[in-house]
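# Survey of secondary and tertiary structure
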Amino acid sequence: MTQDHRAVVDAMRQAIGLSRRALGWTSPNPIVGCVVLDRTGSVAGTGYHRGAGRPHAEVLALAEAGRRAEGGTALVTLEPCAHTGRTGPCALALREAGVARVVYAVPDPNPTAAGGAAYLRAAGIEVIGDVLRMEAEHANRMWLTAVRRRRPFVTWNFTGATDERRPAAEYALRGTHDAVLVGADTIRADDPQMGLPAGMSGRPPIRVVLMSGKRLPQQARVLDDSAPTLVAVDEADQAAMLPGAEVMSPHGTGLSPMTLLSELYARGVRSVLMEGGGGLAPSFALAGLVDRTVGRLDRA
């Protein structure tokens, strides 16, 4: 392995580690990390995307690198975007910074944002793709799966515990997902709050309860104001008995697992943590909609 190759691999691995810091914070955007090396191969700037509407990883890394980015190399975990959304295109920012080479790990599967590699090559910048792709895919697998399949990535927490005595690791798992999903039977049996404990950093996930025609207790803790709550029902007129929650009745039809996931995807949800079991989890599993299990059937 040449010195340059080693520097590129090390920097990409650093970028992947940076991207992981934002798990649970960026949806509907992906997690992305970036490292900028100067002409000598030394790290000049780093950055990672912290949330939708905030600067992208490349912009942050370039700002930290300043003039040292000229003639250098930018390592990015996802192909730089080529479109203008809430922020400008990163491919343009890289070109204007004067980098000589851009190395990315995973092509962007989002047709709206893709095209950055072609843009940079047309601008005369060397572009190399698929560097540490498997590692970057694993880190960003929830978002990548969601965009490719047009529905949220689903993790089934199979520990069977839904009360507040679960270990910190399980709270951390909640904190990396956009939404937590349970059935009405779990709410009536355990009355879980489905949030994060006081003092724990992280964005509380949206709480989603699948009613299936069964009513929730008026004082259920999931209806408090600590995080948004969506109650998925077959009939929208059940809203009157659910103060403190937004009622979701996709298309006014029966709530199949795919119908529910499609509705959540349309709302910007890219990952769902399904807790408990009963009839809810098997219905998702039989439909082929469980991407990962955690617990006694651990399949990471």
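Read on for an overview of the structure. On a predicted model such as this, the values are computed, not experimentally measured, just so you know.

### What to know about the packing of aromatic side chains
In this structure the tally under the stated criterion is 0 aromatic pairs. One residue, arginine 50, lies across the ring of tyrosine 48, its end atom 4.0 Å from the ring centre. Against the face of tyrosine 265 rests arginine 270, its NZ or CZ located 3.8 Å from the ring centre.

### Details of the nonpolar core
By size, the foremost hydrophobic cluster in this structure holds 47 residues, and its most contacted members are Met12 and Val36. Element by element, the count of residues in this core is highest for helix H1 (residues 3-20), at 7 residues. Valine 36 has contacts with Ser42, Val43, Ala44, Gly45, Ala61, Leu62, Ala65, Ala69, Thr73 and Ala74, leaving out every residue within four places of it along the chain. Formed by 21 residues, the second largest nonpolar core is a distinct cluster that contains Trp156, Met248, Met274 and Ala281.

### Description of the layout of surface pockets
There is about 510 Å³ of room inside the largest pocket. Every residue lining the largest pocket is counted, 28 residues in all, and those nearest its centre are Asn29, Pro30, His56, His83 and Asn110. Where the lining of the largest pocket is concerned, the elements lending two or more residues are helix H2 (57-65) and helix H6 (141-149). Grouping the amino acids of the lining of the largest pocket by side-chain chemistry returns 13 nonpolar, 8 polar and 7 charged.

### Some words on unusual backbone geometry
At the junction of serine 27 and proline 28, the peptide bond is cis and its omega measures out at 10° in the coordinates. Within the fold, proline 28 resides in the loop between H1 and strand E1 (33-37). With a phi angle near 70°, aspartate 130 is a residue other than glycine that sits in the positive phi range. You can see aspartate 130 is positioned in the loop between strand E5 (126-128) and helix H5 (133-139).

### Brief notes about the environment of valine 43
Relative to the assigned elements, valine 43 resides in strand E2 (residues 43-48). In this structure valine 43 comes out as partly exposed when scored by relative accessible area, which is 40%. Between the C-alpha atom of valine 43 and that of threonine 73, which follows or precedes it by 30 residues, the distance is 9.5 Å. In this structure, valine 43 is in contact with Gln14, Val35, Val36, Leu37 and Arg68, ignoring residues within four places of it in sequence.

### Some words on the pairing of strand E11 (residues 271-275)
Judged by how many residues are buried, E11 sits mostly within the fold: 5 of 5 residues are covered. Because side chains alternate across E11, one face comprises the buried residues Ser271, Leu273 and Glu275, and the other comprises Val272 and Met274, equally buried. Judged from the 5 bridges that link them, strand E6 (residues 153-157) and E11 form a sheet pairing that is parallel. Bridge pairing links asparagine 157 to glutamate 275 in E11. Pairing between strand E7 (residues 179-183) and E11: 3 bridges, direction parallel. Counted as the bridge partner of leucine 181 is methionine 274 from E11.

### Re empty space enclosed by the protein
All told, the structure shown has 2 cavities of 30 Å³ or more when counted by the stated rule. Contributing to the lining of the largest cavity are 17 residues, with Leu23, Thr26, Ser27, Ile31 and Trp143 lying nearest its centre. Here the lining of the largest cavity gets 3 residues from one element, more than from any other, and that element is H6. When the residues that make up the lining of the largest cavity are grouped by side-chain class, the tally is 7 nonpolar, 7 polar and 3 charged. Within this model, the second largest cavity holds a volume of roughly 60 Å³. Ser19, Ile31, Thr77, Leu78, Val106, Ala136, Ala139, Asn140 and Leu144 together form the lining of the second largest cavity. Looking at the lining of the second largest cavity, the elements with two or more residues in it are strand E3 (73-78) and H5. For the lining of the second largest cavity, the per-class residue count stands at 6 nonpolar, 3 polar and no charged.

Calculation notes
Residues numbered from 1 in each chain as written. Predicted model: local features only at pLDDT ≥ 70, side-chain atom pairs only at ≥ 80, totals over all residues. Heavy atoms only, no water. Phe/Tyr/Trp six-rings, centres within 6.5 Å; stacked < 30°, edge-to-face > 60°. Lys NZ or Arg CZ within 6 Å of the ring centre and 35° of its normal. Core = buried A, V, L, I, M, F, W, Y, C linked by side-chain atoms within 4.5 Å. Buried < 20%, exposed > 50% of the residue type's maximum accessible area, 1.4 Å probe, protein only. Helix = DSSP H or I, 4+ residues; strand = E, 2+ residues; numbered from the N terminus. Contact = heavy atoms within 4.5 Å. 1 Å grid on protein atoms, 1.4 Å probe; cavity = no way out; pocket = protein on both sides within 12 Å on 5 of 7 lines; lining within 4 Å. Points joined across faces, edges and corners; volume = space filled by probe spheres on them. Nonpolar A, V, L, I, M, F, W, Y, C, P; charged D, E, K, R; others polar. Pairing = 2+ DSSP bridges.

These results come straight from atomic positions and should not be treated as a statement about function.
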